[in-house]
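# Structure at a glance
What follows is the residue order along each chain.
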Amino acid sequence: VARLAQGDTVKNLIRVFFLQNQLNGLGNKEAFQFKHVHVIGGGIMGGDIAAWCALKGFKVTLQDRDPKYLSNALKRANQLFERKLKTTHELNQVIDRLIPDCSGFGVSHADVIIEAIFENIEAKQAIYKDIEPRMKADAILATNTSSIPLETLCTVLEKPQRLVGLHFFNPVAMMPLVEIVKMVDTPEHIISQAASFALHLGKLPLPVKSSPGFLVNRILVPYLIEAVTLYDEGCSAEAIDHAALNFGMPMGPVELADTVGLDICQSVAINLSNSYGFNVPDILNQKVQQGLLGKKSGSGFYGYKKGKAVRDNDADMGNQSEIQNRLVYRLLNEAAACLREGIVDDKDLLDAGVIFGTGFAPFRGGPLNYANSQGSESMIQNM
Ligand code: NAI
(Lines give C-alpha, C1' and ligand atoms only; values in the text may rest on other atoms or scores of the structure.)
Protein backbone atom coordinates (compact mmCIF):
# COMPACT_ATOMS: atom_id res chain seq x y z
CA VAL A 1 0.00 0.00 0.00
CA ALA A 2 2.80 2.40 0.90
CA ARG A 3 4.45 1.76 -2.44
CA LEU A 4 1.19 2.31 -4.35
CA ALA A 5 0.40 5.49 -2.41
CA GLN A 6 3.69 7.04 -3.43
CA GLY A 7 3.93 5.82 -7.00
CA ASP A 8 3.64 7.83 -10.20
CA THR A 9 0.17 6.48 -10.92
CA VAL A 10 -1.35 7.88 -7.77
CA LYS A 11 0.49 11.19 -8.17
CA ASN A 12 -0.83 11.51 -11.70
CA LEU A 13 -4.38 10.60 -10.75
CA ILE A 14 -4.33 13.20 -7.96
CA ARG A 15 -3.04 15.63 -10.59
CA VAL A 16 -6.05 14.76 -12.80
CA PHE A 17 -8.38 15.48 -9.86
CA PHE A 18 -6.86 18.95 -9.45
CA LEU A 19 -6.93 19.55 -13.21
CA GLN A 20 -10.65 18.83 -13.14
CA ASN A 21 -11.09 21.36 -10.33
CA GLN A 22 -9.03 23.85 -12.29
CA LEU A 23 -11.33 23.52 -15.33
CA ASN A 24 -14.40 23.84 -13.10
CA GLY A 25 -12.91 27.07 -11.77
CA LEU A 26 -12.54 28.58 -15.25
CA GLY A 27 -16.16 29.67 -15.27
CA ASN A 28 -18.70 30.97 -12.77
CA LYS A 29 -21.88 28.96 -12.96
CA GLU A 30 -23.92 31.38 -10.88
CA ALA A 31 -22.88 34.50 -12.82
CA PHE A 32 -25.34 33.91 -15.65
CA GLN A 33 -28.76 32.32 -15.92
CA PHE A 34 -30.09 30.69 -19.07
CA LYS A 35 -33.56 29.31 -19.72
CA HIS A 36 -34.01 28.58 -23.39
CA VAL A 37 -31.54 26.92 -25.78
CA HIS A 38 -32.15 26.77 -29.52
CA VAL A 39 -30.15 24.14 -31.44
CA ILE A 40 -29.88 24.26 -35.25
CA GLY A 41 -29.05 20.91 -36.88
CA GLY A 42 -30.59 17.75 -35.44
CA GLY A 43 -27.86 15.32 -36.54
CA ILE A 44 -25.57 13.28 -34.32
CA MET A 45 -24.18 16.26 -32.46
CA GLY A 46 -27.05 18.77 -32.56
CA GLY A 47 -29.57 16.11 -31.57
CA ASP A 48 -27.46 14.90 -28.66
CA ILE A 49 -26.62 18.43 -27.48
CA ALA A 50 -30.32 19.31 -27.52
CA ALA A 51 -31.19 16.17 -25.53
CA TRP A 52 -28.45 16.86 -22.99
CA CYS A 53 -29.62 20.48 -22.53
CA ALA A 54 -33.22 19.29 -21.97
CA LEU A 55 -32.00 16.71 -19.46
CA LYS A 56 -30.17 19.47 -17.58
CA GLY A 57 -33.41 21.46 -17.21
CA PHE A 58 -33.41 23.85 -20.17
CA LYS A 59 -36.28 24.48 -22.52
CA VAL A 60 -34.89 23.41 -25.90
CA THR A 61 -36.11 24.07 -29.41
CA LEU A 62 -34.49 21.88 -32.07
CA GLN A 63 -34.41 22.99 -35.68
CA ASP A 64 -33.56 21.06 -38.83
CA ARG A 65 -34.32 21.43 -42.55
CA ASP A 66 -37.30 19.13 -42.34
CA PRO A 67 -39.10 17.19 -39.56
CA LYS A 68 -37.92 13.89 -41.07
CA TYR A 69 -34.34 14.72 -40.04
CA LEU A 70 -35.39 15.01 -36.40
CA SER A 71 -36.85 11.54 -35.88
CA ASN A 72 -33.50 9.90 -35.11
CA ALA A 73 -32.52 12.71 -32.76
CA LEU A 74 -35.78 12.40 -30.82
CA LYS A 75 -35.43 8.61 -30.66
CA ARG A 76 -31.91 8.91 -29.23
CA ALA A 77 -33.08 11.61 -26.82
CA ASN A 78 -35.80 9.30 -25.46
CA GLN A 79 -33.27 6.52 -24.97
CA LEU A 80 -31.02 8.91 -23.03
CA PHE A 81 -33.92 10.14 -20.87
CA GLU A 82 -35.03 6.59 -20.09
CA ARG A 83 -31.48 5.68 -19.08
CA LYS A 84 -31.00 8.70 -16.85
CA LEU A 85 -34.42 9.31 -15.28
CA LYS A 86 -36.29 7.11 -12.86
CA THR A 87 -39.88 8.34 -12.69
CA THR A 88 -42.51 8.77 -15.41
CA HIS A 89 -43.13 12.27 -14.06
CA GLU A 90 -39.50 13.29 -14.64
CA LEU A 91 -39.56 11.61 -18.04
CA ASN A 92 -42.70 13.47 -19.14
CA GLN A 93 -41.27 16.77 -17.96
CA VAL A 94 -38.04 16.40 -19.91
CA ILE A 95 -39.85 15.20 -23.05
CA ASP A 96 -42.04 18.33 -22.84
CA ARG A 97 -38.94 20.51 -22.64
CA LEU A 98 -37.51 19.26 -25.96
CA ILE A 99 -39.53 20.86 -28.76
CA PRO A 100 -39.06 20.13 -32.48
CA ASP A 101 -39.04 23.51 -34.25
CA CYS A 102 -38.27 23.29 -37.97
CA SER A 103 -39.59 26.84 -38.55
CA GLY A 104 -37.02 28.25 -36.13
CA PHE A 105 -39.53 30.08 -33.89
CA GLY A 106 -37.15 29.50 -30.96
CA VAL A 107 -34.48 31.79 -32.41
CA SER A 108 -36.08 35.01 -31.14
CA HIS A 109 -36.63 33.66 -27.59
CA ALA A 110 -33.42 31.72 -26.96
CA ASP A 111 -30.68 32.77 -24.52
CA VAL A 112 -28.22 30.44 -26.24
CA ILE A 113 -28.24 29.41 -29.91
CA ILE A 114 -26.02 26.49 -30.91
CA GLU A 115 -25.44 25.84 -34.59
CA ALA A 116 -24.53 22.21 -35.31
CA ILE A 117 -25.26 21.71 -39.01
CA PHE A 118 -22.77 19.92 -41.23
CA GLU A 119 -19.22 21.15 -41.59
CA ASN A 120 -19.69 23.58 -44.48
CA ILE A 121 -18.68 27.23 -44.37
CA GLU A 122 -21.34 28.62 -46.74
CA ALA A 123 -24.19 26.66 -45.12
CA LYS A 124 -23.19 27.82 -41.64
CA GLN A 125 -22.84 31.43 -42.78
CA ALA A 126 -26.28 31.34 -44.43
CA ILE A 127 -27.76 30.32 -41.06
CA TYR A 128 -26.01 33.16 -39.19
CA LYS A 129 -27.17 35.75 -41.73
CA ASP A 130 -30.71 34.50 -41.41
CA ILE A 131 -30.94 34.37 -37.63
CA GLU A 132 -28.89 37.34 -36.44
CA PRO A 133 -31.64 39.96 -36.99
CA ARG A 134 -34.10 37.80 -35.03
CA MET A 135 -31.86 36.93 -32.07
CA LYS A 136 -32.18 38.56 -28.65
CA ALA A 137 -29.51 41.28 -28.38
CA ASP A 138 -27.64 39.52 -25.58
CA ALA A 139 -28.11 35.90 -26.68
CA ILE A 140 -25.02 33.73 -27.10
CA LEU A 141 -24.44 32.61 -30.69
CA ALA A 142 -22.32 29.46 -30.65
CA THR A 143 -21.06 27.02 -33.25
CA ASN A 144 -20.12 23.39 -32.69
CA THR A 145 -17.75 23.38 -35.67
CA SER A 146 -14.91 20.94 -35.17
CA SER A 147 -12.36 22.49 -37.46
CA ILE A 148 -13.37 25.77 -39.12
CA PRO A 149 -11.76 28.86 -37.54
CA LEU A 150 -14.35 31.29 -36.16
CA GLU A 151 -12.71 34.17 -38.06
CA THR A 152 -13.84 32.52 -41.31
CA LEU A 153 -17.40 31.88 -40.14
CA CYS A 154 -18.13 35.20 -38.46
CA THR A 155 -17.53 37.53 -41.42
CA VAL A 156 -21.22 37.57 -42.41
CA LEU A 157 -22.40 38.79 -39.00
CA GLU A 158 -23.27 42.41 -38.17
CA LYS A 159 -21.50 41.81 -34.86
CA PRO A 160 -18.78 39.29 -35.77
CA GLN A 161 -17.25 39.17 -32.28
CA ARG A 162 -20.39 37.64 -30.83
CA LEU A 163 -19.71 34.24 -32.42
CA VAL A 164 -18.15 31.82 -29.96
CA GLY A 165 -17.32 28.13 -30.26
CA LEU A 166 -18.97 25.62 -27.97
CA HIS A 167 -17.21 22.50 -29.17
CA PHE A 168 -18.79 19.39 -27.68
CA PHE A 169 -17.34 15.93 -28.17
CA ASN A 170 -18.98 12.75 -29.35
CA PRO A 171 -20.80 11.09 -27.56
CA VAL A 172 -22.10 14.24 -25.87
CA ALA A 173 -23.54 12.41 -22.85
CA MET A 174 -20.19 10.75 -22.07
CA MET A 175 -17.52 13.33 -22.88
CA PRO A 176 -16.95 15.83 -20.05
CA LEU A 177 -15.07 18.54 -21.99
CA VAL A 178 -16.42 21.50 -23.96
CA GLU A 179 -13.88 23.67 -25.77
CA ILE A 180 -14.83 27.37 -25.54
CA VAL A 181 -13.38 28.66 -28.78
CA LYS A 182 -12.43 32.34 -28.74
CA MET A 183 -11.06 34.76 -31.28
CA VAL A 184 -8.46 37.40 -30.42
CA ASP A 185 -11.20 40.03 -30.12
CA THR A 186 -13.92 37.93 -28.49
CA PRO A 187 -15.24 40.06 -25.60
CA GLU A 188 -14.43 38.66 -22.15
CA HIS A 189 -18.11 38.60 -21.08
CA ILE A 190 -18.97 36.28 -24.01
CA ILE A 191 -16.24 33.83 -22.99
CA SER A 192 -17.49 33.97 -19.38
CA GLN A 193 -21.09 33.40 -20.46
CA ALA A 194 -20.11 30.45 -22.63
CA ALA A 195 -18.04 28.92 -19.81
CA SER A 196 -20.91 29.45 -17.37
CA PHE A 197 -23.31 27.74 -19.78
CA ALA A 198 -20.96 24.73 -20.06
CA LEU A 199 -20.93 24.48 -16.26
CA HIS A 200 -24.76 24.62 -16.19
CA LEU A 201 -24.61 21.55 -18.44
CA GLY A 202 -22.27 19.78 -16.01
CA LYS A 203 -19.39 19.99 -18.50
CA LEU A 204 -15.80 21.17 -18.04
CA PRO A 205 -15.10 24.38 -20.01
CA LEU A 206 -11.69 24.88 -21.63
CA PRO A 207 -11.03 28.21 -23.39
CA VAL A 208 -8.99 27.61 -26.56
CA LYS A 209 -7.67 29.87 -29.32
CA SER A 210 -9.57 29.73 -32.60
CA SER A 211 -7.25 27.90 -35.01
CA PRO A 212 -7.76 24.85 -37.22
CA GLY A 213 -8.71 21.85 -35.04
CA PHE A 214 -8.57 23.97 -31.84
CA LEU A 215 -6.82 21.86 -29.19
CA VAL A 216 -8.25 18.36 -29.03
CA ASN A 217 -8.71 17.57 -32.73
CA ARG A 218 -5.42 19.28 -33.57
CA ILE A 219 -3.69 16.76 -31.30
CA LEU A 220 -5.90 13.76 -31.98
CA VAL A 221 -5.90 13.88 -35.79
CA PRO A 222 -2.11 13.50 -36.31
CA TYR A 223 -2.22 10.56 -33.88
CA LEU A 224 -5.00 8.94 -35.95
CA ILE A 225 -3.10 9.73 -39.15
CA GLU A 226 0.00 8.03 -37.71
CA ALA A 227 -2.15 4.95 -36.95
CA VAL A 228 -3.46 4.88 -40.53
CA THR A 229 0.10 5.34 -41.87
CA LEU A 230 1.27 2.37 -39.78
CA TYR A 231 -1.62 0.35 -41.22
CA ASP A 232 -0.63 1.45 -44.71
CA GLU A 233 2.93 0.26 -44.01
CA GLY A 234 1.63 -3.21 -43.20
CA CYS A 235 0.95 -3.24 -39.44
CA SER A 236 -2.28 -4.98 -38.53
CA ALA A 237 -5.15 -2.95 -37.06
CA GLU A 238 -5.02 -5.30 -34.08
CA ALA A 239 -1.31 -4.58 -33.46
CA ILE A 240 -1.83 -0.81 -33.62
CA ASP A 241 -4.85 -0.83 -31.29
CA HIS A 242 -3.15 -3.22 -28.87
CA ALA A 243 -0.13 -0.91 -28.56
CA ALA A 244 -2.38 2.09 -27.81
CA LEU A 245 -4.52 0.17 -25.30
CA ASN A 246 -1.37 -1.01 -23.56
CA PHE A 247 -0.28 2.59 -23.21
CA GLY A 248 -3.60 3.26 -21.45
CA MET A 249 -5.81 4.75 -24.16
CA PRO A 250 -9.51 3.94 -23.72
CA MET A 251 -9.83 2.74 -27.33
CA GLY A 252 -7.29 1.96 -30.05
CA PRO A 253 -6.87 4.64 -32.77
CA VAL A 254 -7.96 2.34 -35.62
CA GLU A 255 -11.20 1.41 -33.88
CA LEU A 256 -11.65 5.06 -32.90
CA ALA A 257 -11.34 6.16 -36.55
CA ASP A 258 -13.90 3.50 -37.53
CA THR A 259 -16.22 4.65 -34.74
CA VAL A 260 -16.03 8.36 -35.60
CA GLY A 261 -16.56 7.50 -39.29
CA LEU A 262 -13.78 7.42 -41.90
CA ASP A 263 -15.53 10.12 -43.97
CA ILE A 264 -15.52 12.48 -40.99
CA CYS A 265 -11.87 11.62 -40.20
CA GLN A 266 -11.00 12.30 -43.82
CA SER A 267 -12.72 15.69 -43.97
CA VAL A 268 -11.22 16.90 -40.67
CA ALA A 269 -7.80 15.55 -41.73
CA ILE A 270 -7.99 17.39 -45.07
CA ASN A 271 -8.92 20.64 -43.29
CA LEU A 272 -6.02 20.26 -40.87
CA SER A 273 -3.52 19.02 -43.44
CA ASN A 274 -3.95 22.27 -45.40
CA SER A 275 -3.01 24.22 -42.30
CA TYR A 276 -0.31 22.02 -40.81
CA GLY A 277 1.28 20.47 -43.89
CA PHE A 278 0.89 16.73 -43.37
CA ASN A 279 -0.40 14.23 -45.92
CA VAL A 280 -3.66 12.33 -45.65
CA PRO A 281 -2.70 8.66 -46.28
CA ASP A 282 -4.09 7.26 -49.52
CA ILE A 283 -5.57 4.25 -47.79
CA LEU A 284 -8.00 6.57 -45.92
CA ASN A 285 -9.16 8.19 -49.17
CA GLN A 286 -9.55 4.75 -50.78
CA LYS A 287 -11.68 3.42 -47.93
CA VAL A 288 -13.99 6.43 -48.14
CA GLN A 289 -14.25 6.14 -51.95
CA GLN A 290 -15.24 2.49 -51.59
CA GLY A 291 -17.96 3.41 -49.08
CA LEU A 292 -16.11 1.65 -46.24
CA LEU A 293 -16.89 4.32 -43.67
CA GLY A 294 -16.28 2.32 -40.49
CA LYS A 295 -18.76 1.08 -37.91
CA LYS A 296 -21.76 2.94 -39.38
CA SER A 297 -21.36 1.22 -42.78
CA GLY A 298 -20.51 -2.19 -41.31
CA SER A 299 -16.92 -2.13 -42.50
CA GLY A 300 -13.87 0.15 -42.34
CA PHE A 301 -10.45 -0.93 -41.12
CA TYR A 302 -12.31 -3.66 -39.23
CA GLY A 303 -15.42 -5.52 -40.27
CA TYR A 304 -18.39 -5.14 -37.87
CA LYS A 305 -20.87 -7.69 -36.58
CA LYS A 306 -23.76 -6.48 -34.39
CA GLY A 307 -21.88 -3.20 -33.90
CA LYS A 308 -18.72 -4.92 -32.63
CA ALA A 309 -15.35 -4.95 -34.44
CA VAL A 310 -14.37 -8.39 -35.71
CA ARG A 311 -10.72 -8.93 -34.75
CA ASP A 312 -8.25 -11.48 -36.05
CA ASN A 313 -6.92 -13.35 -33.01
CA ASP A 314 -3.93 -14.54 -35.01
CA ALA A 315 -2.94 -11.10 -36.31
CA ASP A 316 0.78 -10.31 -36.37
CA MET A 317 1.43 -7.98 -33.43
CA GLY A 318 4.61 -6.53 -34.96
CA ASN A 319 7.11 -4.57 -32.88
CA GLN A 320 4.78 -3.30 -30.13
CA SER A 321 7.15 -0.82 -28.52
CA GLU A 322 8.01 0.79 -31.86
CA ILE A 323 4.32 1.08 -32.80
CA GLN A 324 3.50 2.57 -29.40
CA ASN A 325 6.31 5.12 -29.61
CA ARG A 326 5.32 6.21 -33.09
CA LEU A 327 1.71 6.76 -32.03
CA VAL A 328 2.42 8.48 -28.75
CA TYR A 329 5.33 10.63 -29.91
CA ARG A 330 3.25 12.01 -32.77
CA LEU A 331 0.65 13.06 -30.21
CA LEU A 332 3.27 14.54 -27.84
CA ASN A 333 4.87 16.46 -30.68
CA GLU A 334 1.59 18.10 -31.62
CA ALA A 335 0.84 18.84 -27.95
CA ALA A 336 4.18 20.66 -27.68
CA ALA A 337 3.34 22.66 -30.84
CA CYS A 338 -0.03 23.71 -29.33
CA LEU A 339 1.71 24.89 -26.16
CA ARG A 340 4.24 26.87 -28.19
CA GLU A 341 1.46 28.51 -30.22
CA GLY A 342 -0.58 29.41 -27.14
CA ILE A 343 -3.68 27.41 -28.16
CA VAL A 344 -4.37 27.15 -24.42
CA ASP A 345 -2.94 29.29 -21.64
CA ASP A 346 -0.57 26.79 -20.02
CA LYS A 347 0.66 23.19 -19.94
CA ASP A 348 -1.71 22.08 -17.19
CA LEU A 349 -4.72 23.21 -19.20
CA LEU A 350 -3.30 21.43 -22.22
CA ASP A 351 -2.95 18.17 -20.30
CA ALA A 352 -6.45 18.61 -18.87
CA GLY A 353 -7.92 19.22 -22.34
CA VAL A 354 -6.30 16.12 -23.82
CA ILE A 355 -7.30 13.88 -20.89
CA PHE A 356 -10.93 15.05 -20.72
CA GLY A 357 -11.35 15.53 -24.49
CA THR A 358 -9.77 12.28 -25.70
CA GLY A 359 -9.51 10.00 -22.67
CA PHE A 360 -5.69 10.08 -22.90
CA ALA A 361 -4.40 7.59 -20.26
CA PRO A 362 -5.30 9.57 -17.09
CA PHE A 363 -2.76 7.71 -14.94
CA ARG A 364 0.00 9.26 -17.07
CA GLY A 365 -1.14 12.75 -16.05
CA GLY A 366 -1.51 14.16 -19.58
CA PRO A 367 0.80 14.24 -22.63
CA LEU A 368 3.14 16.99 -21.45
CA ASN A 369 3.39 15.51 -17.97
CA TYR A 370 4.24 12.16 -19.56
CA ALA A 371 6.84 13.72 -21.88
CA ASN A 372 8.40 15.42 -18.89
CA SER A 373 8.53 12.17 -16.93
CA GLN A 374 10.30 10.43 -19.82
CA GLY A 375 12.82 13.19 -20.50
CA SER A 376 13.80 14.32 -23.98
CA GLU A 377 17.04 12.27 -24.03
CA SER A 378 15.24 8.97 -23.62
CA MET A 379 12.56 9.86 -26.16
CA ILE A 380 15.14 10.88 -28.77
CA GLN A 381 16.93 7.56 -28.23
CA ASN A 382 13.65 5.69 -28.78
CA MET A 383 12.93 7.39 -32.10
P1 NAI B 1 -24.75 15.44 -39.13
O2 NAI B 1 -24.53 15.33 -40.60
O3 NAI B 1 -25.05 14.23 -38.33
O4 NAI B 1 -25.95 16.47 -38.86
C5 NAI B 1 -26.09 17.70 -39.50
C6 NAI B 1 -27.57 18.06 -39.45
O7 NAI B 1 -27.69 19.40 -39.86
C8 NAI B 1 -28.45 17.20 -40.36
O9 NAI B 1 -29.52 16.66 -39.61
C10 NAI B 1 -28.93 18.20 -41.40
O11 NAI B 1 -30.22 17.90 -41.89
C12 NAI B 1 -28.89 19.50 -40.62
N13 NAI B 1 -28.85 20.69 -41.46
C14 NAI B 1 -28.08 20.91 -42.56
N15 NAI B 1 -28.33 22.13 -43.07
C16 NAI B 1 -29.28 22.68 -42.27
C17 NAI B 1 -29.94 23.93 -42.28
N18 NAI B 1 -29.68 24.85 -43.21
N19 NAI B 1 -30.86 24.19 -41.32
C20 NAI B 1 -31.13 23.27 -40.36
N21 NAI B 1 -30.52 22.06 -40.31
C22 NAI B 1 -29.60 21.79 -41.25
O23 NAI B 1 -23.47 16.22 -38.57
P24 NAI B 1 -22.80 16.12 -37.13
O25 NAI B 1 -21.84 15.01 -37.10
O26 NAI B 1 -23.86 16.22 -36.09
O27 NAI B 1 -21.92 17.46 -37.12
C28 NAI B 1 -22.50 18.73 -36.90
C29 NAI B 1 -21.40 19.71 -36.53
O30 NAI B 1 -20.76 19.27 -35.34
C31 NAI B 1 -20.32 19.85 -37.59
O32 NAI B 1 -19.90 21.18 -37.61
C33 NAI B 1 -19.22 18.94 -37.07
O34 NAI B 1 -17.95 19.33 -37.51
C35 NAI B 1 -19.36 19.15 -35.57
N36 NAI B 1 -18.86 18.06 -34.73
C37 NAI B 1 -19.07 16.74 -35.09
C38 NAI B 1 -18.60 15.72 -34.26
C39 NAI B 1 -18.84 14.27 -34.61
O40 NAI B 1 -18.24 13.39 -33.98
N41 NAI B 1 -19.71 13.98 -35.55
C42 NAI B 1 -17.86 16.02 -33.01
C43 NAI B 1 -17.78 17.44 -32.71
C44 NAI B 1 -18.24 18.40 -33.55
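Structure first, text after, so check above.
First, a word on scope: everything that follows refers to the structure included in this document. (Residues numbered from 1 in each chain as written. Predicted model: local features only at pLDDT ≥ 70, side-chain atom pairs only at ≥ 80, totals over all residues. Heavy atoms only, no water.)

## Notes on the overall build of the protein chain
A tally of helices and strands in the protein chain yields 17 helices and 10 strands. Whereas a compact globule of 383 residues would reach a radius of gyration of roughly 21 Å, the protein chain reaches 21 Å, a difference of no more than 12%. For the protein chain, the spread of C-alpha atoms along the three principal axes comes to 60 × 45 × 45 Å. The buried share of the protein chain, reckoned over its 383 residues, is 52%. Across the protein chain, contacts joining residues at least 24 apart in sequence account for 72% of those joining residues at least 6 apart. Total accessible area on the protein chain stands at roughly 18,000 Å², and carbon and sulfur atoms take up 52% of it. (Helix = DSSP H or I, 4+ residues; strand = E, 2+ residues; numbered from the N terminus. Rg over C-alpha atoms; globule rule 2.2 N^0.38 Å. Buried < 20%, exposed > 50% of the residue type's maximum accessible area, 1.4 Å probe, protein only. Contact = heavy atoms within 4.5 Å. Areas by Shrake-Rupley, 256 points an atom, 1.4 Å probe, with all protein chains shown as cover.)

## So, the environment of lysine 29
Position of lysine 29 among the secondary structure elements: in the loop between helix 2 (8–24) and strand 1 (36–40). By relative accessible area, lysine 29 is classed as partly exposed at 38%. Expressed as a C-alpha distance, the spacing of lysine 29 and threonine 358, which sit 329 residues apart in the sequence, is 24 Å. Not counting the four nearest positions on each side in its chain, lysine 29 is found in contact with Ser196, Leu199 and His200.

## A look at the pairing of strand 8 (residues 204–209)
Within strand 8, five of the six residues are buried, leaving the element largely enclosed by the surrounding structure. As paired strands, strand 7 (residues 177–182) and strand 8 are joined by six bridges and run parallel to one another. Across the sheet, lysine 182 pairs through a bridge with lysine 209, a residue of strand 8. Handedness of the β-α-β unit built from strand 7, helix 8 (residues 188–200) and strand 8 comes out right-handed. (Pairing = 2+ DSSP bridges. Right-handed = clockwise from strand over helix to strand, strands pointing away.)

## Describing the site of the ligand
Residues in close proximity to the ligand total 22 residues, the closest being Met45, Asp64, Arg65, Glu119 and Ser146. One of the side-chain nitrogen or oxygen atoms of aspartate 64 is found 2.6 Å away from an oxygen atom of the ligand. Serine 146 is positioned such that a nitrogen or oxygen atom in its side chain is 2.6 Å from an oxygen atom of the ligand. When the free accessible area of the ligand is taken as 830 Å², the share hidden by the protein chains comes to 83%. Looking at the shell around the ligand residue by residue, the class counts come to 10 nonpolar, eight polar and four charged. (Near = heavy atom within 4 Å. Polar contact = N/O pair within 3.5 Å; in protein donor to acceptor, adjacent residues only side chain to side chain. Nonpolar A, V, L, I, M, F, W, Y, C, P; charged D, E, K, R; others polar.)

## Considering the pairing of strand 4 (residues 112–115)
Burial of strand 4 is two-sided: the residues Val112 and Ile114 facing one way and the residues Ile113 and Glu115 facing the other way are all buried. Relative to strand 4, strand 1 runs parallel, the two sharing four bridges. Residue pairing in the sheet places histidine 38 in a bridge with isoleucine 113 of strand 4. With four bridges connecting them, strand 4 and strand 5 (residues 140–143) associate as parallel partners.

## Here we look at a nonpolar patch on the surface
Judged by side-chain polarity, Ile14, Phe17 and Phe18 come together as a nonpolar surface patch covering roughly 320 Å² of accessible area. Inspection of the secondary structure puts phenylalanine 18 in helix 2. (Patch = residues over 30% accessible without salt bridge, like charges linked within 9 Å, V, L, I, M, F, W, Y side chains within 5 Å. Salt bridge = Lys/Arg side-chain N within 4 Å of Asp/Glu carboxyl O.)

## A short note on helix 12 (residues 262–276)
In an α-helix, one turn spans 3.6 residues, which is why side chains three or four residues apart end up on the same side. In this model, helix 12 (15 residues) spans 20 Å end to end at C-alpha, consistent with the 21 Å of a helix rising 1.5 Å per residue. Burial in helix 12 covers these residues: Leu262, Cys265, Gln266, Val268, Ala269, Leu272 and Ser273. Along its buried surface, helix 12 packs onto helix 9 (216–232), helix 11 (253–260) and helix 13 (282–289). (Expected span 1.5 Å × (residues − 1).)

## Focus on the sheet that holds strand 6 (residues 163–167)
An order of 3-2-1-4-5-6-7-8 is seen for the eight strands of this open sheet, with the pairing classed as mixed. The sheet terminates laterally at strand 3 (98–100) and strand 8, the two strands that pair on one side only. Within this sheet the neighbouring strands show an average axis-to-axis angle of 25°, counted without direction. Bridge count between strand 2 (residues 59–63) and strand 3: three bridges; the pairing is parallel. Bridge pairing in strand 3 places threonine 61 opposite isoleucine 99. Running over the sheet, helix 8 touches strand 1, strand 4, strand 5, strand 6, strand 7 and strand 8 and is turned about 170° from strand 7. (Axes fitted to C-alpha atoms, helices over the stretch in contact; angles between N-to-C directions.)

## Considering the environment of cysteine 235
By secondary structure assignment, the location of cysteine 235 is in the loop between helix 9 and helix 10 (237–247). Through-space distance from the C-alpha of cysteine 235 to that of aspartate 130 is 49 Å; in sequence the pair is 105 residues apart.

## A few points about the state of the cysteines
What the rule picks out here adds up to zero disulfides. Free of any disulfide, cysteine 53 has its nearest neighbouring cysteine sulfur in cysteine 102, separated by 17 Å. Here cysteine 53 falls in the buried class, since its relative accessible area comes to 0%. According to the relative accessible area criterion, cysteine 102 is partly exposed, its value standing at 26%. (Disulfide = S-S within 2.5 Å.)

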